[in-house]
Amino acid sequence: MSSTQEKSWRAGRFWWDCSQPDPSAHPLRAVILDLDALSDVDVDGHRVVFNAAFAAHGLPIQWGVARYQQLLALHDERQRVTAELRKRCVGPDCDVLTEVLADEICMTKDMMFDEMILDAGLTPRPGLEDLMNDAFLAGLPVGVVAAGRRRWAEPLVRQLVGDGLVETVVTIDDVSGPGAELYRHALAELGVAGHDALAMVGSVAGLRSANAAGMAGVVIDPDASPVSPGAVAVRPDFAGSDPLRLPACQRLHTQWWVQRSPTAA
């Protein structure tokens, strides 16, 4: 008899009659959030700094929220700037000028970002504070991964969630490449395996990275499709009528791995 079967027997029920997944069979040992799950850093941070960079170059470009969300479909920041410039550029030298100017704007934005991001007024997503307090009181370690430099990412995490609630912050300064490497490094820092942790991600790209690191992932994005392949759940934030508190995280984590168990039918 397995330990799970023995626990069920001692509780006065047989293991094969259980209608609910047994959390003890799939314990949640850590939560790892990406920076975009904490706050809308793209729209309320990067977009604002890019607008300042456009102004610094004397360009009459101001990205609104809707336009910036469209551009997020492109792979990286330089592609987004290039697409915007090409849309507005005319003349025989347009392509050459666009490539040069795009590089200059991105360099300006990078230089301005460190100084502006902490004063951009970013706020934590609704319900995040409750989840962080739950984890702290339960002694459950929390990590944060950020596809950015430590010099601004770490202070921003402290600004959003406070001191002492996050055990590790992993940035691109810590790994050889972004994506899944960030999550693998965070797992190693926390001393847990991928199947023992739950990821909270702010984008589908973040979800793919967490899945690639062997983790179940919850998408926290008010604009995400309700159906995201690979997601254990998709939510606009951590609050609502069914808030994403620690018991809900445990339940989602357990359900995810039970459904993927070789014995699941």
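Predicted model only: the values in this text are computed from it and were never measured.

Draft legend 1. Looking closely at the nonpolar core. Leu33, Leu35, Leu38, Met200, Val218 and Leu244 are the most contacted members of the largest nonpolar core, which totals 42 residues. Non-local contacts of Leu244, meaning those with residues more than four positions away in its chain, are made with Leu131, Met200, Val218, Ile220, Arg235, Phe238, Ala239, Cys249 and Leu252. Listed in part, the 21 residues of the second largest apolar core include Leu187, Leu207, Ala224 and Ala231.

Draft legend 2. Expanded view of the pattern of salt bridges. Evaluated as defined, the whole model comprises 15 salt bridges. Notably, a salt bridge pairs Glu77 with Lys109, separated by 2.8 Å at the nearest N-O pair. On the criterion of sequence distance, the pair formed by Glu77 in helix α5 (residues 77-88) and Lys109 in helix α6 (residues 94-116) is long-range, its members being 32 residues apart. Put simply, Arg150 and Asp174 hold a salt bridge, and the shortest N to O gap is 2.5 Å. Taken together, the residues span a long stretch of sequence, with Arg150 in helix α8 (residues 150-161) and Asp174 in the loop between β3 (168-171) and α9 (180-190) at a distance of 24 residues. Via salt bridges that share partners, Arg78, Arg86, Glu99 and Asp103 belong to a single interconnected network.

Draft legend 3. Representation of the side chain of Thr254 within the structure. On the secondary structure map, Thr254 appears in helix α11 (residues 246-259). On the basis of relative accessibility, which here comes to 2%, the residue Thr254 falls in the buried class. A distance of 2.9 Å separates a polar atom in the side chain of Thr254 from a polar atom in the side chain of Gln250.

Draft legend 4. Representation of the packing of aromatic side chains within the structure. Per the counting criterion, the structure on display carries five aromatic pairs. With a centroid separation of 4.9 Å and 85° between ring planes, the pair formed by Phe54 and Trp63 is classed as edge-to-face. Trp63 carries the same exposure label as Phe54, and that label is buried. Note that Arg260 overlies the ring of Trp256, its terminal NZ or CZ placed 3.2 Å from the centroid.

Cut-off values and rules
- Residues numbered from 1 in each chain as written.
- Predicted model: local features only at pLDDT ≥ 70, side-chain atom pairs only at ≥ 80, totals over all residues.
- Heavy atoms only, no water.
- Core = buried A, V, L, I, M, F, W, Y, C linked by side-chain atoms within 4.5 Å.
- Buried < 20%, exposed > 50% of the residue type's maximum accessible area, 1.4 Å probe, protein only.
- Contact = heavy atoms within 4.5 Å.
- Salt bridge = Lys/Arg side-chain N within 4 Å of Asp/Glu carboxyl O.
- Helix = DSSP H or I, 4+ residues; strand = E, 2+ residues; numbered from the N terminus.
- Polar contact = N/O pair within 3.5 Å; in protein donor to acceptor, adjacent residues only side chain to side chain.
- Phe/Tyr/Trp six-rings, centres within 6.5 Å; stacked < 30°, edge-to-face > 60°.
- Lys NZ or Arg CZ within 6 Å of the ring centre and 35° of its normal.

In short, shape yes, function no, at least from these values alone.
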